[in-house]
Amino acid sequence: MEKVGDYDELVNLKATELRLGLPGTEEETVPCGKSNKRALPDDTEKEIESTGKTETASPPKAQIVGWPPVRSYRKNSIQTKKNESEGQGNYVKVSMDGAPYLRKIDLTVYKKYPELMKSLENMFKFSVGEYSEREGYKGSDFVPTYEDKDGDWMLVGDVPWEMFVSSCKRLRIMKGSEVKGLGCGV
Amino acid sequence: MTEEDSSAKMSEDVKRYLKLDPRSAAASEPPPAAALANKSRNFKSFEPPCPDHVLENVLENVLQFLTSRCDRNAVSLVCKSWWRVESQTRFEVFIGNCYSLSPARLTHRFKRVRSLVLKGKPRFADFNLMPPNWGAQFAPWVVATAKAYPWLEKVHLKRMLVTDDDLALLADSFPGFKDLTLVCCEGFGTSGIAVVANKCRQLRVLDLLESEVTDDEVDWISCFPAGETHLESLSFDCVESPINFKALEGLVVRSPFLKKLRTNRFVSLEELHRLMVRAPQLTSLGTGSFSPDNVPQGAQEPDYAAAFRACKSISCLSGFRELTPEYLPAISPVCANLTSLNFSYANISPDMLKPIIRNCHNIRVFWALDSICDEGLQAVAATCKELRELRVFPFDPREDSEGPISGVGLQAISEGCRKLESILYFCQRMTNGAVTAMSENCPQLTVFRLCIMGRHRPDHVTGKPMDDGFGAIVKNCKKLTRLAVSGLLTDEAFSYIGEYGKLIRTLSVAFAGNSDKALRYVLEGCPKLQKLEIRDSPFGDAGLRSGMHRYCNMRFVWLSSCALSRGCCRDVAHALPNVVVEVFGSDDDYDDTVIVDYVETMYLYRSLDGPRKDAPKFVTIL
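Residues numbered from 1 in each chain as written. Chains lettered and ligands numbered in written order. Predicted model: local features only at pLDDT ≥ 70, side-chain atom pairs only at ≥ 80, totals over all residues. Heavy atoms only, no water.

If you check an unreviewed UniProt entry, chain B appears there as F-box domain-containing protein from Capsella rubella. Its UniProt record, at the heading Subcellular location (unreviewed entry), says of chain B: "Nucleus". Within the UniProt record for chain B, the comment given under Pathway (unreviewed entry) is "Protein modification; protein ubiquitination." (UniProt positions renumbered as here; feature names shortened; annotations may be inferred.)

The name given to chain A in an unreviewed UniProt entry is Auxin-responsive protein, and the organism recorded there is Capsella rubella. Database annotation for chain A, UniProt heading Subcellular location (unreviewed entry): "Nucleus".

Given below as structure tokens:
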């Protein structure tokens, strides 16, 4: 099902588009935006509508502001579900010891570890220390860990990035004493 | 007002004129001078009241029993004395349009307000038809009531702009505050909520419904004070930020009176289970995401059905924000007791719905997405004989999306649910036959709102306009008070509305009608019309003028993207001094110096205190 407001479609069909307006005037087509368009009844439009189908007979209509009258809160709630169900993004929960609640981040947004670290640091207002393969994270009480597909808790950074993204189920920023036992080599 | 309260009041009769209502949590302060001035007796010396005042005395005690605002309005018109007494005994004030009067007028007339209901923006603001920052600020109201009613207990706001500062002032000013309900509001965040949670120690109700709440990253749940709370209802399903679950669990544990809990989508199914186990007394539950955090590992999964079974009192279920379908059957144990079920955020197919709904014999309110299809509606019709209210929202809210429901579903509902009173139905295609069938099968209808999403769509079987269907509704549904029309409609539909819609109070029109005659039919024919909202219809100056005799008796009229001229709007403004006429566009790019004759949006409403002083630049008050 083609998406309404697909800009390429509209550009191609503009020449045959049926609309009310003086020839030569341009209409902005802003999906769900603050477009000021009015749609007054038009005889030719009615004829086409009375066949019951609009997909084949006329070009897809640009979105009219506030129509259909569904509150944006409701629209957004359902839209979130649509995106997530289409497999976009890889959201994992992130918890930090001592912080009152979890956050969720989309791993597909990052390309490598430093980006991820920076984002986590900003989110939870801490800093992560220096990473080295042999000794793990030094210089900070906080250590980023993750739970992988097998249920094991691993140190973030030990495996190549792609492997991390595909196997990470959730993140946990551990504090202090619990960190022992992780990051001790391969 | 309960009978016990009234008898307590009667025995306190004498003391009442010296201090406030003794039942309020606030300290006693002498009543404002204006109230005392009416009474010439001096109770301290125990002189008997003079005869004139005996009547007022008696009247006060009688009026305690009047709660309906229509009755009270009628009482206040009898004579000056009755007006005075009614003013002193009105504890709940309802203001349908916050700009119809100033806060000062409220506090001047009513001296003992305990509960305030305020509505701000008109409904079409929900659909981006109003520029932001138009108004409806709560601020002047909270400032005025903070001074005048320190005993205020309840505030209920709809479509108002509420800031964190307003909430802080509220929390600081009303020590006995019990009930805050914010519906479709915006302008505040979790920090404002945190202050209310923390400072309102008598809080019973904190309901945030369909409001926009900014995530200030404040752990507001932890801000409720330690110890047992008075909470009876906590709704935060619209708060789009994570919460501290541990704190929520602790809060629920120490809230023995909690009956209604509506969590947001950040509460997982496992977490919901924990809450239910700790609060089996719940009557209303908003289930959050209804999706587990973790992939279950065998026997470790909690027994969700058992948790529902244990909550024997649940009669209202909502949430299901990120439903994992396999878990839906867990709600089966409560289905037989359910009176209200809201599936409108869940993409539920007919096959998912049928096993659930077939047990819901007592359901009175059912909200769903059109993903349930006509087949799902038929299942509802087969079982839910007590249904009073149905709302079906579109999963894909666009004009040319697939429409899984139609007149088939509507007709089925009309045949199965004869007690139906209220319906909101979004669809892509409809027939006059189905609408007429509903008008004949459901004589109890008071609210009929049909939204055929494609503009100007006729009956998809006959190709005729939808006039006959809506005509049948107004003719046959003699109790109809609210109507929203759609589809291809000619002036004839409006002539029916004017002829038969004698009880209609609210009318919503979009992309309909042929000429000003349509508007005239309605304005001349519907004596009870209070709220008229019209968009994108060919109504112009003649139509607007035809309602001049009505506007003082209406709450508001909204006309946008119609054919009005500025001159005509100005004429209306000049002719009706008690009516405020606002004119604005849908964006604020308008050049101040250029006066455009065409009016994009006209919003008029009656007002006792003249035009408002807080209108933004893009609003012109004529």
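J.: Sorry, what's going on with the nonpolar core here?
T.: One recurring pattern in soluble globular proteins is that nonpolar side chains are buried together. In this structure, B:Trp220, B:Ile331, B:Phe343, B:Phe366, B:Phe448, B:Leu483 and B:Met602 are the most contacted members of the largest nonpolar core, which totals 180 residues. Leave out the neighbours within four places in its chain, and B:Trp220 touches B:Thr190, B:Ile193, B:Ala194, B:Ala197, B:Leu206, B:Leu234, B:Phe236, B:Val239 and B:Ile243. Listed in part, the 26 residues of the second largest apolar core include A:Tyr113, A:Met117, A:Val143 and A:Tyr146. (Core = buried A, V, L, I, M, F, W, Y, C linked by side-chain atoms within 4.5 Å. Buried < 20%, exposed > 50% of the residue type's maximum accessible area, 1.4 Å probe, protein only. Contact = heavy atoms within 4.5 Å.)

J.: Please explain the UniProt feature "domain: Transport inhibitor response" (unreviewed entry) in chain B as it appears in this structure.
T.: Residues annotated by UniProt as "domain: Transport inhibitor response" (unreviewed entry) correspond here to residues 111-157 of chain B. A distance of 20 Å separates the end C-alpha atoms of residues 111-157 of chain B, which is 21% helix and 19% strand. (Helix = DSSP H or I, 4+ residues; strand = E, 2+ residues; numbered from the N terminus.)

J.: Would you explain unusual backbone geometry in this entry?
T.: Both trends apply: most residues other than glycine have a negative phi, and most peptide bonds are in trans. Cis geometry marks the peptide bond from A:Trp67 to A:Pro68, where omega comes out at -5°. Of note, A:Pro68 is situated in the loop between helix H2 (43-49) and helix H3 (72-85). A positive phi angle, near 55°, is found at B:Phe320, a position not held by glycine. At B:Ser561, a position not held by glycine, the phi torsion is positive, near 50°.

J.: Explain helix H23 (residues 566-575) of chain B to me, please; I cannot follow it from the model alone.
T.: Along an α-helix, residues three or four positions apart point the same way, because every turn accommodates 3.6 residues. Residues and elements named next belong to chain B. Listing the buried residues of H23 in full gives Arg566, Cys568, Cys569, Val572 and Ala573. Buried residues along H23 cover an arc of 165° about the axis, so they all sit on one side. Tucked inside the fold, the buried residues of H23 contact helix H22 (541-545), strand S21 (579-584), strand S22 (601-606) and strand S23 (620-621). (Arc of directions from axis to C-beta.)

J.: Just checking my understanding: could you explain the sheet that holds strand S5 (residues 142-147) of chain A for this structure?
T.: Where strands meet in a sheet, backbone hydrogen bonds hold them as pairs that are either parallel or antiparallel. Residues and elements named next belong to chain A. Across the sheet, five strands lie side by side as S2-S1-S7-S5-S6; this open sheet has mixed pairing. This sheet does not close on itself; its edge strands, each paired only once, are strand S2 (103-106) and strand S6 (153-155). Taken over all neighbouring pairs, the strand axes of this sheet differ in orientation by 35° on average, direction set aside. Bridge count for strand S1 (residues 91-96) against S2 is four bridges, and the pairing is antiparallel. Looking across to S2, one finds that Val92 is bridged to Ile105. (Pairing = 2+ DSSP bridges. Axes fitted to C-alpha atoms, helices over the stretch in contact; angles between N-to-C directions.)

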